[in-house]
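Now for the letters of each chain:
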Amino acid sequence: TPGEKHVLHLEGDFAGIEAKVDYLKELGVDTLLLMPIFYSTGDMGYIPRDYFSLDPAYGDDAAFKRFVDTMHANGIKVLLDAPEEIAGLVEEGVL
């Protein structure tokens, strides 16, 4: 139904989500919001250690690019949750 909100929780890696692109389109998904995907030592990526490196559990840079390119080719936007408010605390050694 147009305007209806769907929430789909997928766990895994970029390739796994990419493999579900037809299913996502079937649901009418037009945007994906990913939890933090950066290298992190904290809870679900919310204490990132490096905003320029991906968590290898999700895949490498090439896998991420393929994933984003596939989503965009299918009309699906990709948004990243990036907890910037933590950055200063990490740099200062608080976290």
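Preceding this section is the structure that the text describes.
Reading the values: the criteria
Residues numbered from 1 in each chain as written. Predicted model: local features only at pLDDT ≥ 70, side-chain atom pairs only at ≥ 80, totals over all residues. Heavy atoms only, no water. Helix = DSSP H or I, 4+ residues; strand = E, 2+ residues; numbered from the N terminus. Buried < 20%, exposed > 50% of the residue type's maximum accessible area, 1.4 Å probe, protein only. Contact = heavy atoms within 4.5 Å. Phe/Tyr/Trp six-rings, centres within 6.5 Å; stacked < 30°, edge-to-face > 60°. Core = buried A, V, L, I, M, F, W, Y, C linked by side-chain atoms within 4.5 Å. Expected span 1.5 Å × (residues − 1). Arc of directions from axis to C-beta. Polar contact = N/O pair within 3.5 Å; in protein donor to acceptor, adjacent residues only side chain to side chain. Salt bridge = Lys/Arg side-chain N within 4 Å of Asp/Glu carboxyl O.

J.: Describe in detail the overall build of the protein, supporting the description with residues and values.
T.: In terms of helices and strands, the protein carries four helices and four strands. Ordering the α and β elements of the protein from the N terminus gives α-α-β-β-β-α-β-α. Out of the 95 residues belonging to the protein, those deemed buried represent 29%. Taking the intrachain contacts of the protein between residues at least 6 apart in sequence as the baseline, contacts between residues at least 24 apart amount to 57%.

J.: Now, about the packing of aromatic side chains: what can you tell me, with residues and values included?
T.: Per the stated rule, a full pass over the model turns up four aromatic pairs. Note on Phe14 and Phe64: the rings are 5.0 Å apart at their centroids and 55° apart in plane angle, and the pair reads as tilted. Here Phe64 lies in helix α3 (residues 61-73) and Phe14 lies in helix α1 (residues 14-18), a separation of 50 residues in the sequence. The exposure classification of Phe14 matches that of Phe64, with both residues buried. Here Phe14 and Phe67 contribute two aromatic rings whose centre-to-centre distance is 5.7 Å and whose plane-to-plane angle is 20°, an arrangement assigned as stacked. Placement of Phe14 in helix α1 and of Phe67 in helix α3 is noted, with a sequence separation of 53 residues between them. Relative accessible area serves as the criterion here: at 0%, Phe67 is assigned to the buried category. A connected cluster of aromatic rings, assembled from ring pairs, spans Phe14, Tyr58, Phe64 and Phe67.

J.: Tell me about the nonpolar core, and please be specific about residues and values.
T.: Core analysis: the largest hydrophobic core is formed by 17 residues, its most contacted members being Phe14, Leu32, Phe67 and Met71. Not counting residues up to four positions away in its chain, the partners in contact with Phe67 are Phe14, Ile17, Glu18, Leu32, Leu34 and Val78.

J.: Got a sec to walk through α3? Specific residues and values, please.
T.: Here α3 spans 18 Å end to end across 13 residues, near enough to the 18 Å set by a 1.5 Å rise per residue. Residues of α3 that are buried: Ala63, Phe64, Phe67, Val68, Thr70 and Met71. All buried residues of α3 lie within an arc of 160° about the axis, which places them on one face of the element. In α3, the exposed positions that point more than 90 degrees away from the buried face belong to Asp61, Lys65 and Ala73. In this fold, the buried residues of α3 make contact with α1, α2 (21-27), β1 (31-34), β3 (48-54) and β4 (77-80). Where α3 begins, the capping side chain belongs to Asp60, and its oxygen is found 3.2 Å from the backbone nitrogen of Ala62. Looking one or two places after α3, you find Gly75, whose phi comes out positive at around 75°.

J.: Please set out the pattern of salt bridges residue by residue, giving values where relevant.
T.: Counted according to the given criterion, the structure contains one salt bridge. Residue Asp69 is joined to Lys65 by a salt bridge in which the shortest nitrogen-to-oxygen separation is 2.9 Å. Note that Asp69 and Lys65 are positioned in helix α3 at a spacing of four residues, about one turn of the helix. Among the residues examined, Asp69 registers a relative accessible area of 40% and is labelled partly exposed.

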